[in-house]
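Coordinate inspection notes
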Amino acid sequence: MTTTLHCPTHTFDAPPFILRAESGSIRHLPALTYCLVEYDRAHYSDALFQRFSQPFPDALNNAVAKRRAEYLASRYCGQVLLAQAQANSTIIGTHERVPQWPAGWRGSISHSDKYALVVIAPESAGLMPGIDIEQWQPEVMLETADMFASSDEQQLLSSLSLPYPQALLTLFSAKESLYKSQWPEVRRYFDFQAAKVTHVDEAEQRFTLTLTETLTPKLKCGTAFSGSYMFLNDAVITCIG
């Protein structure tokens, strides 16, 4: 049984802010590379932007330290990946809160209170990357399940061997990954009800999401997306390519 969606090839750190980091490829999508870091926001300072050769964006001028730390940690991930790929630039811009990738590249960003995660792929690979990481929060999942999971979806999840709150969190994360993946095509908000989980393979840690409505002429109702999930300590990671 395969129990991870990623294949790490490098490990490194940049203490005291970056505690641990790794990079590698996504198992089922080898053209998609990732960088995952665990960071300590208690050791964040604005000076780290200069240390990591990252511009300090105007959008962060009024942001709290937590927001600045997660932004920097995720941009550090992207910088590592773009440098390893020998891209023309290692800077990920931002426009209206959406990451702007260097020419020729596509990617996705996610972060939590202590993890940052980025995936990238060359445009020539034809992938639409979507990545998400969510911290374990069983009470919240149980209280809010009806907001992101239909009764049919909840029935499917309750039949799995996964603890039900963990299955709910995985579905929530999977739909977040789908949104990020398809945003460049859709370019508008679509909610959790726009797709439903139709299959979960626990042995391979794979899932299928199927659109319940037409989002664009290319993304019609019934279009299916396959993705993977894995558990990392107190978090779940999902990925769609």
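Please refer to the structure higher up on the page.
The present account deals with the structure reproduced in this document. (Residues numbered from 1 in each chain as written. Predicted model: local features only at pLDDT ≥ 70, side-chain atom pairs only at ≥ 80, totals over all residues. Heavy atoms only, no water.)

Phe17, Ile18, Val37 and Phe52 are the most contacted members of the largest nonpolar core, which totals 30 residues. In terms of residues, this core owes the most to one element, helix α2 (residues 65-84), which gives 9 residues. Setting aside its immediate chain neighbours within four residues, Phe52 contacts Ala14, Phe17, Ile18, Leu72, Tyr76 and Gln79. One finds Ala195, Val200, Leu215 and Tyr229 within the second-largest nonpolar core, a separate group that totals 29 residues. (Core = buried A, V, L, I, M, F, W, Y, C linked by side-chain atoms within 4.5 Å. Buried < 20%, exposed > 50% of the residue type's maximum accessible area, 1.4 Å probe, protein only. Helix = DSSP H or I, 4+ residues; strand = E, 2+ residues; numbered from the N terminus. Contact = heavy atoms within 4.5 Å.)

The next thing to look at is unusual backbone geometry. Pro16 follows Pro15 through a cis peptide bond whose omega is 0°. Mapped onto the fold, Pro16 is located in the loop between β1 (6-14) and β2 (18-26). Look at Ser53: it is not a glycine, yet its phi comes out positive at around 55°. Classification of Ser53 by relative accessible area gives exposed; the value is 54%. The phi torsion at Gln205 lies on the positive side, around 55°, for a residue other than glycine.

Moving on: helix α4 (residues 151-158). What α4 keeps buried is the set Glu153, Gln154 and Leu157. One side of α4 carries all its buried residues, which in axial view fall inside an arc of 100°. Turned more than 90 degrees away from the buried face of α4, the exposed residues are Ser151, Asp152 and Gln155. Where α4 is buried, its residues touch α3 (138-148), α5 (164-186) and β9 (195-201). (Arc of directions from axis to C-beta.)

The subject of this paragraph is the side chain of Glu134. Residue position: Glu134 is located in strand β8 (residues 130-135). Within the buried set, Glu134 has no salt-bridge partner at all; the shortest N-O distance to an opposite charge, 6.3 Å, is to Lys180. Here Glu134 is in contact with Leu169, Phe172, Ser173, Glu176, Asp234, Ala235 and Val236, once residues within four sequence places are set aside. (Lys, Arg positive; Asp, Glu negative; His and termini not counted. Salt bridge = Lys/Arg side-chain N within 4 Å of Asp/Glu carboxyl O.)

What follows deals with the pairing of β2. With respect to burial, β2 is a largely interior element, 7 of its 9 residues being buried. Hairpin remark: β1 followed by β2, antiparallel, with 3 residues in the connecting loop. Looking at chain direction, β2 and strand β3 (residues 29-39) are connected through 8 bridges and run antiparallel. Each bridged residue has a counterpart across the sheet, and for Ala21 the counterpart in β3 is Val37. (Pairing = 2+ DSSP bridges.)

Here the focus is the sheet that holds β2. An order of β1-β2-β3-β7-β6 is seen for the 5 strands of this open sheet, with the pairing classed as antiparallel. The open sheet has two edge strands with one neighbour each: β1 and β6 (105-111). Averaged over all pairs of adjacent strands, the angle between their axes in this sheet comes to 15°, without regard to strand direction. The pairing of β3 with strand β7 (residues 115-122) spans 6 bridges and is antiparallel. Across the sheet, the residue bridging to Tyr34 is Val119, located in β7. (Axes fitted to C-alpha atoms, helices over the stretch in contact; angles between N-to-C directions.)

This part takes up the pattern of salt bridges. Here the structure, examined in full by the defined rule, presents 10 salt bridges. Residues Arg68 and Asp46 are paired through a salt bridge, measuring 2.8 Å at the closest nitrogen-oxygen approach. A residue pair is termed long-range when its members are at least 10 positions apart, and Arg68 in helix α2 and Asp46 in the loop between β3 and α1 (47-51) qualify at 22 residues. The class of Arg68 is buried, set by a relative accessible area of 13%. Taking relative accessible area as the criterion, Asp46 reaches 37% and is therefore assigned partly exposed. In this structure, Lys66 engages Glu70 in a salt bridge whose closest nitrogen and oxygen atoms are separated by 3.2 Å. With Lys66 and Glu70 both in helix α2, this residue pair falls 4 residues apart, about one helical turn.

Within β6, 5 of the 7 residues are buried, which leaves it mostly tucked inside the rest of the structure. By the bridge criterion, 7 bridges tie β6 to β7 in an arrangement that is antiparallel. From the neighbouring strand, Arg106 faces β7, where its bridge partner is Ala121. In sequence, β6 turns back onto β7 through a hairpin of 3 residues.

This part is about α3. Listed as buried for α3 are Pro138, Met141, Ala145 and Phe148. The buried residues of α3 occupy an angular sector of 90° when projected down its axis, which confines them to one face. In α3, those exposed residues whose orientation departs by more than 90 degrees from the buried face are Glu139, Glu143, Asp146 and Met147. Contacts made by the buried residues of α3 are with α4 and α5.

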